[in-house]
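For reference, the chains in residue letters:
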Amino acid sequence: MQVLALDARCRLSESKDYDVKVAFLLLAISSRCRDYYGEVEKTLKEVGRMKYLRPLYSGLVQGPGNEEEKILAKRVFAEARECYHPIALGVVEAIFAKHV
């Protein structure tokens, strides 16, 4: 897979720059490269900024036929929700209401 080759070369999934890391994780989600779903989960649990939460949750729940991704998104949200700001909670809940 090209996503795996890209990460092997550039180590984007290990980046400390969340702008870079989230952009790469979105690519992995859109490519359905499940190898990185653990890193997506970790990132959703360690950052609380809407700048990162909104695109990752949206990427997981958008589109037809991605039930595994929707289940992952719901589970991670249930586990991480207490760490999120109330505004972030509302935004993520709205994403679920729209797509799940």
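Caption draft 1: Focus on the state of the cysteines. Applying the stated criterion across every chain yields a total of zero disulfides. Here Cys10 is not disulfide-linked; the sulfur of Cys33 is the nearest cysteine sulfur, at 15 Å. By relative accessible area, Cys10 is classed as partly exposed at 41%. Note on Cys33: relative accessible area 1%, which makes it buried.

Caption draft 2: Inspection of unusual backbone geometry at higher detail. Its identity is not glycine, yet Arg11 carries a phi of approximately 55 degrees, on the positive side. One can find Arg11 in the loop between helix H1 (2-10) and helix H2 (18-30). At Arg32, a position not held by glycine, the phi torsion is positive, near 55 degrees. A relative accessible area of 34% places Arg32 in the partly exposed class.

Caption draft 3: Inspection of the environment of Lys45 at higher detail. Within the secondary structure, Lys45 sits in helix H3 (residues 37-46). Between the C-alpha atom of Lys45 and that of Tyr84, which follows or precedes it by 39 residues, the distance is 9.0 Å. Not counting the four nearest positions on each side in its chain, Lys45 is found in contact with Arg75, Val76, Glu79 and Ala80.

Caption draft 4: Representation of the packing of aromatic side chains within the structure. Applying the stated rule across the entire model yields seven aromatic pairs. Here Tyr57 and Tyr84 contribute two aromatic rings whose centre-to-centre distance is 6.4 Å and whose plane-to-plane angle is 85 degrees, an arrangement assigned as edge-to-face. Of this pair, Tyr57 sits in helix H4 (residues 50-61) while Tyr84 sits in the loop between helix H5 (67-80) and helix H6 (86-99), and the two are 27 residues apart along the sequence. Classification of Tyr84 as buried rests on a relative accessible area of 6%. On the numbers, 5.8 Å between centres and 80 degrees between planes, the contact of Tyr57 with Phe96 is edge-to-face. With Tyr57 in helix H4 and Phe96 in helix H6, this pair connects stretches of sequence that are 39 residues apart.

Caption draft 5: Layout of the pattern of salt bridges. A full pass over the atoms with the stated rule returns 14 salt bridges. For Glu68, the salt bridge identified is with Arg34, shortest N-O distance 2.7 Å. Within this pair, whereas Glu68 is found in helix H5, its partner Arg34 is found in the loop between H2 and H3, the two being separated by 34 residues in sequence. Across the salt bridge formed by Glu69 and Arg34, the nearest N and O atoms sit 3.6 Å from each other. On the criterion of sequence distance, the pair formed by Glu69 in helix H5 and Arg34 in the loop between H2 and H3 is long-range, its members being 35 residues apart. We classify Arg34 as partly exposed; its relative accessible area is 39%. One salt-bridge network, in which partners are shared between bridges, spans Lys21, Glu39, Lys42 and Glu46.

Conventions and cut-offs
Residues numbered from 1 in each chain as written. Predicted model: local features only at pLDDT ≥ 70, side-chain atom pairs only at ≥ 80, totals over all residues. Heavy atoms only, no water. Disulfide = S-S within 2.5 Å. Buried < 20%, exposed > 50% of the residue type's maximum accessible area, 1.4 Å probe, protein only. Helix = DSSP H or I, 4+ residues; strand = E, 2+ residues; numbered from the N terminus. Contact = heavy atoms within 4.5 Å. Phe/Tyr/Trp six-rings, centres within 6.5 Å; stacked < 30°, edge-to-face > 60°. Salt bridge = Lys/Arg side-chain N within 4 Å of Asp/Glu carboxyl O.

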